[in-house]
Amino acid sequence: MADTIAAIATAMSTSGIGIVRLSGEDAREIVSKVYRSRSGKKDIREVRSHTIHYGFICDGEETIDEVLVMVMDGPSSYTAENTVEIDCHGGVLAMKRVLETVIKYGARPAEPGEFTKRAFLNGRIDLSQAEAVIDVISAKSEYALKSSVSQLKGAVLKIIKEIREKIIYHIAYIESALDDPEHIAIDGYGEELMKELQPLKKQVEKLLQSSDEGKMMKEGIKTVIVGKPNAGKSSLLNLLVGEERAIVTDIAGTTRDILEETIILHGISLCMIDTAGIRDTKDVVEQIGVGRAKKYAKDADLILYVVDSSIPLDENDDEIIGMLQDKKAIVLLNKTDLSMKVSEKELKKRLNQPVVEISAKEEKGIDVLEQVIKDMFFQGEISFNDEVYITNVRHRTALFETMESLTMVEQSISMGMPEDFYSIDLMNAYEALGSIIGESVGEDLVNEIFSKFCTGK
Ligand code: GDP
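Here is what the cut-offs are and how they apply
The residue numbers shown here count from 1 along each chain, following its written sequence. Local features in this predicted model are restricted to residues of pLDDT 70 or higher, and side-chain atom pairs are both shown and tallied only at a pLDDT of 80 or more, whereas totals for entire chains, interfaces and linings draw on every residue. Hydrogens and water are ignored here; the side-chain numbers use all heavy atoms of the structure. UniProt positions are given in the numbering used here, feature names are shortened, and annotations may be inferred rather than shown by experiment. For this description, a residue counts as near a given molecule or strand if any of its non-hydrogen atoms is within 4 Å of it. In protein, a polar contact requires one atom able to donate a hydrogen and another able to accept it; more generally it is a pair of N or O atoms within 3.5 Å, and residues adjacent in sequence count only if both atoms are side-chain atoms. For the area figures, the Shrake-Rupley method with a 1.4 Å probe applies, and any residue is considered shielded solely by the protein chains shown. Throughout this entry, Asp, Glu, Lys and Arg are counted as charged residues, while Ala, Val, Leu, Ile, Met, Phe, Trp, Tyr, Cys and Pro are counted as nonpolar. The remaining residues, Gly among them, count as polar. Segments assigned H or I by DSSP are reported as helices when at least four residues long, segments assigned E as strands when at least two residues long, and all are numbered from the N terminus. When accessible area is computed with a 1.4 Å probe and restricted to protein chains, residues below 20% of their type maximum are described as buried, those above 50% as exposed, and intermediate ones as partly exposed. In what follows, residue pairs with any heavy atoms lying within 4.5 Å of each other are defined as contacts. Scored from 0 to 100, pLDDT records how confident the predictor is in each individual residue. Salt bridges are defined as contacts in which a side-chain nitrogen from Lys or Arg sits within 4 Å of a carboxyl oxygen from Asp or Glu. If the strands point away from the viewer and the path from the first strand over the helix to the second runs clockwise, then the crossover is right-handed. Between any two strands, pairing holds if DSSP finds at least two bridges. To define a nonpolar core, start from buried Ala, Val, Leu, Ile, Met, Phe, Trp, Tyr and Cys residues and group those joined through side-chain atoms within 4.5 Å.

By the naming in an unreviewed UniProt entry, the protein goes by tRNA modification GTPase MnmE and is assigned to Lactonifactor longoviformis DSM 17459. What UniProt states about the protein under its Subunit (unreviewed entry) heading is, verbatim, "Homodimer. Heterotetramer of two MnmE and two MnmG subunits." Recorded in UniProt for the protein, the comment headed Sequence similarities (unreviewed entry) runs: "Belongs to the TRAFAC class TrmE-Era-EngA-EngB-Septin-like GTPase superfamily. TrmE GTPase family."

As structure tokens, this is what we get:
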């Protein structure tokens, strides 16, 4: 039986209930390390197959979630392997923590479609059945891949591309030299390559470190602040960031004039994107402003629309209001310390979104804004990209693979192995990195078909 894989099998939504599924020889063994029954006496390794058990998932002393555990031994399970399903009750965060914990105790994060792939390989379902499942979910997984790649920070993408370019150069060189030994010299190439491996490994190591701290991704609810120049967007951002909340990151985004800051509001992480930088281009200001804002607002999970309430609405506001109709947004009537020319009623008539009166200058109304965001989040109206966390786990696995392959190249060179021997490892490193940025192709038909699945299926 194969190694034990784990994944969140249900959609991650703020609705609360979800299943973490394990499949493989050690499924019971791994769960037994983290499961505790109410009496503390039950051992998941000993229970009968196809039974359900109430209890808790714990990581050492820490209780992570109250759960129901379903044990289904192979071959009578979806994958035909030993399967354990953990029905989590504590919502998205608990689900992620449960997955993290079973991985910590020996499971491996499943590849997309790996559960179904196993079901197929174990003869539980035939290829046409598998393909039928693909049709249903491929749209979603394509979206997931795209969005998970777009979640990478520009700098990370750039580094991975650079490393890959270097690696492919060496692969190409070795292959050409082997093809055409008369014209391309390969003597001593190993030593040359050896010198370059160290810096490459350092770069991968750095990526691993940053993935560990969750810094590879733009995490949090993507929040975009829009509004006309001078409405008070920067003041609002400074106010939100400036208070005594933790500033997790402070980095210039992929586009130079966009500033991103991650702030934590009541435990909710918001990745704030301020489009205010466009003020500097004086002449075409307003139009560019609206244009840019539109672009960022399109992908936003939440939009904060700042209105200068001391001047009447104009055509730029019309445009912004137009684009906010079917988005999650909060309207902030700013500068309420001055005499108000725009009323909440006026805005409410044109936009079905919550309106909050604030004064960035006098720091008024911010607590109400925070409450509104919090309510929207916990009522499930806004959520951040579910794939981020899972992708992060997968990215880490890919980075580890890259490290391992590069280390193998080093070992092969120092052992005096022939070049074609380690060009395979170079290729593995190249592919592992490619899988992070969505540029890897499956090796054979089975892989290709099953890689179309979402994780957990
Ligand atoms: P942005 O262009 O939208 O980023 O606007 P800024 O944050 O740079 O603010 C534009 C101007 O409005 C600045 O002079 C601020 O001091 C001022 N301002 C911002 N918020 C308020 C407010 O609540 N009341 C008043 N009276 N002035 C404000």
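1. Notes on the site of the ligand
Near the ligand there are 17 residues, and of these N230, K233, S234, S235 and D337 occur at the shortest range. Here A360 contributes a backbone N or O atom positioned 2.9 Å from an oxygen atom of the ligand. Bound to the protein, the ligand loses 78% of the 580 Å² it would expose on its own. Considered class by class, the residues forming the shell around the ligand number five nonpolar, six polar and six charged.

2. A few points about the environment of V331
With respect to the helices and strands, the residue V331 is situated in strand β13 (residues 329-334). The exposure class assigned to V331 is buried, which follows from its relative accessible area of 1%. Here the alpha-carbon distance between V331 and V355, two residues 24 residues apart in the chain, equals 4.6 Å. Contact partners of V331, with chain neighbours within four places excluded, come to Y305, V307, L347, L351, Q353, P354, V355 and V356.

3. Notes on the UniProt feature "binding site: K(+)" (unreviewed entry) in the protein
If you check UniProt for "binding site: K(+)" (unreviewed entry), the listed places come out as N230, T249, I251 and T254 in our numbering. Among the secondary structure elements, N230 is positioned in the loop between β8 (221-226) and α7 (233-242). On the basis of relative accessibility, which here comes to 59%, the residue N230 falls in the exposed class.

4. Thoughts on the confidence of the model for the protein
Should pLDDT be low for a region, the predicted coordinates there are not to be read in detail. Averaged over all residues, the pLDDT of the protein equals 78, while 73% of them reach at least 70. Ranking the elements of the protein by mean pLDDT puts strand β9 (residues 247-252) last with 34 and helix α1 (residues 27-34) first with 97. For residues 276-283, every residue scores under 50 in pLDDT, and the model assigns this stretch eleven contacts once sequence neighbours within four places are set aside. Low pLDDT, under 50, characterises residues 386-390; the stretch is placed with 14 contacts to residues that sit more than four places away or in other chains.

5. Examining the pattern of salt bridges
As enumerated under the stated definition, the model contains 20 salt bridges in all. R97 serves as the salt-bridge partner of E100, at 3.3 Å between the closest nitrogen and oxygen. On the criterion of helical spacing, the pair formed by E100 and R97 is a turn pair, its members being three residues apart in helix α2 (residues 91-104). Assessed through its relative accessible area of 34%, E100 is described here as partly exposed. Under the relative-accessibility criterion, R97 is labelled partly exposed at 25%.

6. Topic: the pairing of β13
Counting buried residues along β13, six of its six residues qualify, which places the element largely inside the surrounding structure. Residues A329, V331 and L333 line one face of β13 and the alternating positions I330, L332 and N334 line the opposite face, and both faces are buried. Crossover strand β12 (residues 302-308) to β13 through helix α9 (residues 315-324) is right-handed. The pairing of β13 with strand β14 (residues 355-357) spans three bridges and is classified as parallel. The residue bridging L333 from the neighbouring strand is E357, located in β14. A crossover connection joins β13 to the parallel β14 through helix α10 (residues 344-350); in handedness this β-α-β unit is right-handed.

7. Some thoughts on the nonpolar core
Taken as a class, soluble globular proteins show a tendency for nonpolar side chains to be buried jointly. Counting 28 residues, the largest nonpolar core has I167, L193, L406 and L426 as the members making the most contacts within it. Elements represented by at least two residues in this core include exactly α5 (154-179), α6 (189-212), α12 (387-414) and α13 (419-436). Once you skip the residues sitting within four places of it in the chain, L406 turns out to touch I167, L197, L200, K201, V204, L426 and A429.

8. Focus on helix α3 (residues 114-121)
Within the sequence span of α3, burial applies to E114, F115, T116, R118 and A119. Immediately beyond the C-terminal end of α3, within one or two residues, lies G123, with a positive phi of roughly 75°.

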